[in-house]
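Secondary and tertiary structure notes
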Amino acid sequence: MSTATTEKTARNGVNVEALFGAREALTKAPEAARFKWRATCEWVKGTQSRSTVQEFYGLGAEQKHKTKFTFDSDHPEVFASEDSGATPVEIVLAGLAGCLTAGIAAVAQARDIQLRSVSATLEAGMDIRGILGADPDVRNGFDGVKVVYKIDADASPDDIKALVAQSQKRSAVYDIITNPTNVTVEVTQ
Amino acid sequence: MRTTVVVIGAGQAGLAMSWWLARHAIDHVLLERGEVANSWKTERWDSLTLLTPNWQSRLPGFGYVGNDPDGFRSMPETVGFLQDYARTIAAPVRTQTRVTCVRQRDEGYEVVTDRGTWQARAVVVASGACNIPVVPGIAGSLPADVASLTPFQYRNPSQLDPGGVLVVGASATGVQIADEVRRSGRSVTLAVGEHVRVPRTYRGRDIKWWMDASGVLDQRYDEVDDLVRARNVPSLQLAGYADRRSIDLNSLTRIGVRLIGRLAGINGSTLQFSGSLRNVCTLADLKMQRLLDTIDAWAAQQGLDGEVEAPRRFDATAVEESPPLLIDLARGRVKTIIWATGFRPDYSWLQMPVLDARGSIRHDGGVAEAPGLYVIGLPFLRRRKSSLIDGVGDDARDLSAHLAAYVREKVVQQVTLATV
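Residues numbered from 1 in each chain as written. Chains lettered and ligands numbered in written order. Predicted model: local features only at pLDDT ≥ 70, side-chain atom pairs only at ≥ 80, totals over all residues.

A look at the environment of A:Arg23
Here is the rule: Each helix is a run of DSSP H or I of at least 4 residues and each strand a run of E of at least 2, with the numbering of both proceeding from the N terminus. Counting other C-beta atoms within 10 Å of a residue's own tells you its class, since 20 or more makes it buried, 12 or fewer makes it exposed, and anything in between is partly exposed; those C-beta atoms are placed from the backbone.
When you line up the elements, A:Arg23 lands in helix H1 (residues 16-28). Judged by C-beta crowding, with 12 C-beta atoms within 10 Å, A:Arg23 ranks as exposed.

Okay, structure coming up:
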């Protein structure tokens, strides 16, 4: 309690007081912590499809983004496709980068570290013989993901490393990628 | 049977509480399911030693007498130490007395045992933090030919199949068992989640000396930012080896233990492991650096720099480029899984609405919500050292003072009522 009340000078644009408040409130009302994230998707043509997100559920009620967000996905020309959008696996990388970077900003704010710039480069390896069914021993997904952060902040190199490590510890997408998840896909009429 | 205070458990916590209750001249009894120091005697593997040095087992009115203050007690020595303490303070222990139910009754408590029922004004739960090994649900889905052991069942490597062993969990229990089983010649894989890395000695002194002397162990529960986290920090990666060597993931890798991520799931016969190994190692390395920085700053401030060895830093934890994510048990390379995945208390006999959703007693520094109910001996109950033999005495002093005020107030109330 002693350090939590000392005045913070960092301004990273993250309202950590609200996040800590939510943590405390949700400890007392764990059912409100149960969120449902949703997306819809329409096939456009060929390998192109369009996904949208707007509504989700949380804090015991239906919630809505301010606007509808749309993501086109397709495959590039080297896959004999029209390249009308990012490949779905690139959208996964974008999700990981967005999640980790948001976490870095939040953790920096909580630790009163002023960020000046944060940039990340991501690369994921994949042997496409898996998705082509050319070799049953090759998995479809990534064989590894490498993320490199470059961060300019008012903190020591170890404190910056600790920001990035803590962000991974608290990241949803990092967890989704590093741990197995049950996926159920059904077909309705 | 009637007494003022029933203390449940005659380990270090119950005995320290008994010493303080006697100082307050409060009539009490200690109910012990087995013998004094029962968990130390019956629920530990053969080679285990205390992880704190001999000098650091200070109990109220009692301490180490001997010529090896920096050594580490074996389990029989630990049991002997606590039995000596019980005798020295003449603790009123009822051994072989298992508590089966505690409930509120007439402004006090009824404590039912397999040897009769006690009525008391107050109850101190000193039955320990580690009564039941926590084993993940995955353990129920293992192929029948893979042996599954908790740390309570593990005694020594000779009881294991000669084949490979997977140790799940890399805190104090997991790293010590992995080290011992690997040295028995078996192939060992260690599944590593979040852990706390510390060197056994630093700058020529035991890490526990530094933590004790610098006040880290005295840090109070109402002074930490995040008490929930502080109470759930995994145990330090430590062993009490005679040669005082450190145990960490690098020392295990050097003797051939293979590191793998946290166990995350099972699919058929295939165990799935998290891809987070590198990050949990980085977190532990950075946390250790911060502890050593704190120690160095304190040493400089105390003017110790001339007396102790120079500061040093340790190699980062080495993690292979692409640690495996799957182990197919059907391939037969793993014959035994040892679950070093933590412990929890057993409150199945506590018939009162004092537990939270996770089954822990809700309490403020050991004072439970029900008046006259206390708990002692849990991690960070009142101080960072609360779960150590060395730390329970200060908690017993504080809680016995609270308890004494409570029972005296009750007496005054009853006397007043009687005279009206």
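A look at the sheet that holds strand S18 (residues 270-273) of chain B
Residue and element names in this part refer to chain B. We count it as follows: In this scheme, strands are said to pair when DSSP sees at least two bridges between them. Here an angle of 0 to 180 degrees is reported between the N-to-C directions of two axes, which are lines fitted to C-alpha atoms, with helices fitted over the stretch in contact.
Overall, antiparallel pairing links the three strands, which are arranged S17-S18-S19 in an open sheet. Two strands close off the open sheet at either side, each with one partner strand: strand S17 (263-267) and strand S19 (326-328). Each neighbouring strand pair of the sheet contributes to a mean axis angle of 20°, computed without reference to strand direction. Here three bridges tie S18 to S19, and the two strands are oriented antiparallel to one another.

Considering the pairing of strand S7 (residues 122-125) of chain B
Residue and element names in this part refer to chain B. Side chains Ala122 and Val124 of S7 all project onto a buried face; the interleaved residues Val123 and Val125 project onto the opposite face, where all are buried too. Relative to S7, strand S1 (residues 5-8) runs parallel, the two sharing four bridges. What sits directly across from Ile8, in S7, is Val125.

As for the nonpolar core
Residues and elements named next belong to chain B. Here is the rule we go by: To define a nonpolar core, we join buried Ala, Val, Leu, Ile, Met, Phe, Trp, Tyr and Cys residues through C-beta atoms within 7 Å and take the resulting set. By definition, residues are in contact whenever their C-beta atoms, placed on the basis of the backbone, come within 7 Å of each other.
Judged by nonpolar contacts, the single largest core of 70 residues is most densely connected at Val167, Val168, Ala178, Leu190, Val192 and Ile338. A total of 11 residues in this core trace back to one element, the largest contributor, which is helix H8 (residues 277-301). Those residues in contact with Val168 that sit more than four places away from it in its chain are Ala191, Leu263, Ile337, Ile338, Trp339, Ala340 and Thr341. Residues Phe81, Ala91, Val102 and Trp118 belong to the second largest nonpolar core, which totals 54 residues.

Description of unusual backbone geometry
Residues and elements named next belong to chain A. For Leu59, which is not a glycine, the phi torsion comes out positive at approximately 55°. Its location among the elements puts Leu59 in the loop between strand S2 (48-58) and strand S3 (61-73). By the C-beta count within 10 Å, which is 15 here, Leu59 ends up partly exposed. Although it is not a glycine, Asp83 adopts a positive phi angle of roughly 60°. Note on placement: Asp83 falls in the loop between S3 and helix H2 (88-110).

A word on the interface of chain B and chain A
So the rule is basically this: Think of it as three bins: nonpolar holds Ala, Val, Leu, Ile, Met, Phe, Trp, Tyr, Cys and Pro, charged holds Asp, Glu, Lys and Arg, and polar takes everything else, Gly as well.
Taken together, the 14 residues of chain B in the interface contact 15 residues of chain A. Broken down by secondary-structure element, the contributors of at least two residues to the side of chain B that touches chain A are S17 and H8 of chain B. A per-element tally of the side of chain B that touches chain A places H8(B) first, with five residues. Looking at the side of chain B that touches chain A, its residues break down into three nonpolar, nine polar and two charged.

Purely geometric stuff here, so don't read any function into it on its own.
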